[in-house]
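For reference, the chains in residue letters:
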Amino acid sequence: MKIIVRNRRKYEDKQELTLEEFKEKFSNELQAAINIYSHHEEQKDMIKPPFMSLNTDYQADFYRDLRWNFNNNSNGVFYIDKIEY
């Protein structure tokens, strides 16, 4: 899996990383995005009826759609342009 990351300010600034390299290089931004995503999901779970089962593994949910969640919950300079499998 290759993750293509671009700079929001300079579109030409492109990096191709594996998932492990991405996690290492953008660990702070990734953790902040996961925290924001988890907080939003916890808030939504509070209004669900008690008979509905709650999924509390928010980090796994975050990685299911990594591109969307990282781009929308991260306030960093970089964004995921494309994920190639």
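Check the entry above for the structure.
Parameters at a glance
Residues numbered from 1 in each chain as written. Predicted model: local features only at pLDDT ≥ 70, side-chain atom pairs only at ≥ 80, totals over all residues. Heavy atoms only, no water. Phe/Tyr/Trp six-rings, centres within 6.5 Å; stacked < 30°, edge-to-face > 60°. Lys NZ or Arg CZ within 6 Å of the ring centre and 35° of its normal. Buried < 20%, exposed > 50% of the residue type's maximum accessible area, 1.4 Å probe, protein only. Helix = DSSP H or I, 4+ residues; strand = E, 2+ residues; numbered from the N terminus. Pairing = 2+ DSSP bridges. Polar contact = N/O pair within 3.5 Å; in protein donor to acceptor, adjacent residues only side chain to side chain. Contact = heavy atoms within 4.5 Å.

Asker: Tell me about the packing of aromatic side chains, residues and numbers included.
Answerer: Taken as a whole and assessed by the stated rule, the structure comprises five aromatic pairs. Taking the ring centre of tyrosine 11 as reference, the NZ or CZ of arginine 6 above it sits at 4.1 Å. The ring of tyrosine 63 has lysine 23 sitting right over it, with the charged end atom 5.0 Å from the ring centre.

Asker: If you had to explain the pairing of strand S2 (residues 14-18) to someone new, which residues and values would you point to?
Answerer: Alternating positions in S2 separate cleanly, Gln15 and Leu17 being buried on one face and Lys14, Glu16 and Thr18 remaining unburied on the opposite face. As paired strands, strand S1 (residues 2-7) and S2 are joined by five bridges and run antiparallel to one another. Its bridge partner lying in S2, valine 5 is registered against glutamine 15. Counting the residues between successive antiparallel strands, the hairpin from S1 to S2 contains six residues.

Asker: Residue-level account of the side chain of asparagine 69, with values.
Answerer: Within the secondary structure, asparagine 69 sits in helix H4 (residues 66-73). Here asparagine 69 falls in the buried class, since its relative accessible area comes to 7%. Of the polar contacts made by the side chain of asparagine 69, one reaches the backbone oxygen of phenylalanine 62; its length is 3.0 Å. If sequence neighbours within four positions are ignored, asparagine 69 has contacts with Tyr37, Asp61, Phe62 and Ser74.

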